[in-house]
Structure formats: C-alpha cells, structure tokens
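# Architecture at a glance
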Amino acid sequence: MILVVKSGGEAALPEWQDCFAKAAPGLELRWWDDPSLDPARVGYALVWDPEPGRLARMTGLRAIFGSGAGVDLITADPLLPRHLPLVRCVPPEATQRMGEFVCWAVLSLAKDARRMAMAQARREWDYFEAPFAASARTVGVMGLGAMGMRSVEMLRGLSIPVVGWSRTPKALPGVETFAGADGLPAFLARSEVLVCLLPATPETKGIVAAPLLSRLPRGAGLVQVGRGVQQVLPDIIAALDEGRLSAAVIDVFEPEPLSPDSPAWTHPRLTVTPHVASLPSRMERARYVAGCIARLERGEALPNLYDHARGY
Ligand code: NAP
Ligand code: GLV
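Computed from a predicted model, the values in this text were never measured in an experiment.

This part is about the pairing of strand β6 (residues 139–142). Covered by surrounding structure in β6 are V139 and V141 together with G140 and M142, the residues of both alternating faces. Sheet topology places β6 next to strand β7 (residues 162–166); four bridges connect them, and they run parallel. Residue pairing for β7: G140 is matched across the bridge by V163. What joins β6 to β7 is helix α5 (residues 146–157), and the crossover it makes is right-handed.

Right, dumping it as structure tokens:
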C-alpha cells in the first residue's frame, strides 16, 4: 500500500522514510510530487497543505491523515473527498508538547521573560520584580479539546487556577467551565491570562479582536496558540499599547511566515514564536499514523476524526 506524504517539504522525505520503515515496514512511502507516482495507487495520504483538487484525484484513497491537529489547510480544499476519514494528528506527545508550551508562555508572562531577553540583548542588568506570581492569576483556556484539556491539567499541576470555555458544556473537577456564546462574557471576565486553543472555523475567525479583549480584566495577558485567522493583530497591538493587555505570546499568524515588516516583531510586550507550540517529531507522527492504519485495516474505529458537520 502506498502512503503519499506532503509535510515538511521534500527535504524531509528521507526522514519520513526512515520513520515509516520503523513504524510501518509494509508501507511504500512516496513524495507528493513524485512524477512517477500513479495517483490511483495511493492508499493513504499524510498532508499539511495539499493543493486543492489533488486528493480527489487519488481515487484509491482509504484515509487522509493531517500532519497537524488542526486540519484547516486540508479542509480548505473545495474538492476534498469528504466521504473519507480525515484523521487529525493528535499523538499523546502533541498534547504534552502543547501543555508544556502553554505553561512556558504563561510563566514567561508572569516573569516578563520578554523584558529580560531585551535587556540581555542590550547587555543591561535590568533588575525588576516579576509582574505577578503565576499561581495568583486565573488562566482562561478557550477550547477544551485534546490540546486545551492537557494544557488545563498541566497548568493545574503548577498550582495555577484555571477556567475553561468550550462550545458544549464540560464538567472538569476543580475547573469552572463556561460554554457557548452565552458563557463567553463571564468566562472572559475571569480570565486574567487568556489562552486561545480553538480550531479555525467560521465561528472562531477574528474572535481575538477588540470586542473580546475589552471584556478581559484590564492588564490581562494573552497566549494565542490556535490559528492566525482567529486574531486581529492590529487590535492586539492597540490593546498592548493602551494597557488593556499587559503582554502577549503569539505563536500563529495569518499569513505565515509573519511579514518582516510587521510591528509584532519589535513590540516590547509581545513575544513572537514561529508556529512551534506543538510540533511532534516525525517519528512520533509516523508511529501515530501507523497505529491508525493498523486500526483501520482491522476494521476498528479511528481516533481524532475531523467532523465536517461541526467544522473541527
Ligand atoms: P479539538 O480537540 O477539536 O478541540 C477543539 C475545542 O474547541 C473543543 O473544546 C471545542 O468545543 C472548542 N470549540 C470549537 N468551536 C468553538 C466555538 N465556536 N466556541 C467555543 N468553543 C469552541 O482540537 P485540539 O486538538 O484541542 O486543537 C485545537 C486547535 O489548536 C487546533 O485546531 C489548531 O488550530 C491549534 N493547534 C495549534 C498548534 C500550534 O503549534 N500552534 C498545535 C496544535 C493545535 P467542544 O468541546 O464543545 O466541542
Ligand atoms: C499545528 O499547528 C497543528 O495543528 O498541529
């Protein structure tokens, strides 16, 4: 069976081949743009950003694997074969890495790591008190899915109080939760640091903008790790300048890479990270995909399926 890959550029192919040789020795791995590839012979595809229409030409496909947890660049294809399972890439290592990133970002806001990094670049001994103790501020996590839930657990492990918001109601021991549009204002009012871990959907597009930011406690922190289309960057920068937000860590942008002339790069209270919050290794992803293929071939249910009706 052929697995075609489009993730990480063609330079990543040897590593993918090495990983799949270990994880699924029976699979034949081929690069997406391999000119000798007969699309009709492809059984599985592992992709991040397939060109529209290409997957539809693979008439023997049995499943599509996203190489990330968010599959918005795959579902953007108007010709996507929607009858096939589309599996989001959520190995346990991915949620762990996201939890680590969210904890790092919240702690870096608490310690003002941005100020320290700027002072170091100037060789300046800038002695200052940390803005807050992380355990004294409530973190509001928007999106209580695979990524949000693990982040909540890990924040709680650091004694950080957490509230959560999702589309449908959730019961989480020790965490006050809010749901839907009705629950949003009360959730925001409690969120002294807001973490966005929502998927990109029509409902979440542009959500991190002035109206939402104006509902946060004054001087709140922001950690944006969902998708760039969810934010209005000029609104975030205006909120930082005005003091409505004290500081932010933003990992995702629209478009990516972030333009070299963006004011975000140099803002003294904004930390830019290059979409690296949760990037499982190729070996971790290969093991996960191989496990899913084995389940599929045994006729078992697949985990983390994209739901076309919900849009995530
Ligand atoms: P998931 O398991 O599908 O969870 C999505 C969560 O968002 C669910 O709790 C869902 O509510 C909630 N949600 C969806 N639409 C909503 C709405 N309109 N209002 C309120 N809540 C809504 O997704 P995941 O695996 O946690 O991943 C979430 C996103 O993180 C991905 O889609 C991707 O964009 C981003 N991500 C970023 C990186 C990075 O490196 N920066 C890495 C991985 C993922 P319900 O629970 O009620 O369904
Ligand atoms: C990365 O952004 C992912 O969705 O896994």
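This brings us to the site of ligand 1. Not every one of the 27 residues close to ligand 1 is listed here, only the nearest: R88, M147, T168, K170 and Y312. V225 is positioned with one of its backbone polar atoms (N or O) 3.1 Å from a nitrogen atom of ligand 1. At 3.4 Å from an oxygen atom of ligand 1 is found a main-chain nitrogen or oxygen belonging to G226. Its free accessible area being 940 Å², ligand 1 has 92% of it covered by the protein chains. Each of domain 1 (2–91 + 280–297) and domain 2 (93–272) accounts for three or more of the residues forming the shell around ligand 1.

Turning to the UniProt feature "domain: D-isomer specific 2-hydroxyacid dehydrogenase NAD-binding" (unreviewed entry) in the protein chain, a few remarks are in order. The residues that UniProt annotates with the feature "domain: D-isomer specific 2-hydroxyacid dehydrogenase NAD-binding" (unreviewed entry) are residues 104–277. Within residues 104–277, the helical portion is 31% and the strand portion 18%, while the C-alpha atoms at the span's ends are 10 Å from each other.

Parameters and conventions
Residues numbered from 1 in each chain as written. Chains lettered and ligands numbered in written order. Predicted model: local features only at pLDDT ≥ 70, side-chain atom pairs only at ≥ 80, totals over all residues. Heavy atoms only, no water. Buried < 20%, exposed > 50% of the residue type's maximum accessible area, 1.4 Å probe, protein only. Helix = DSSP H or I, 4+ residues; strand = E, 2+ residues; numbered from the N terminus. Pairing = 2+ DSSP bridges. Right-handed = clockwise from strand over helix to strand, strands pointing away. Near = heavy atom within 4 Å. Polar contact = N/O pair within 3.5 Å; in protein donor to acceptor, adjacent residues only side chain to side chain. Areas by Shrake-Rupley, 256 points an atom, 1.4 Å probe, with all protein chains shown as cover. Domains from an automatic or database assignment. UniProt positions renumbered as here; feature names shortened; annotations may be inferred.

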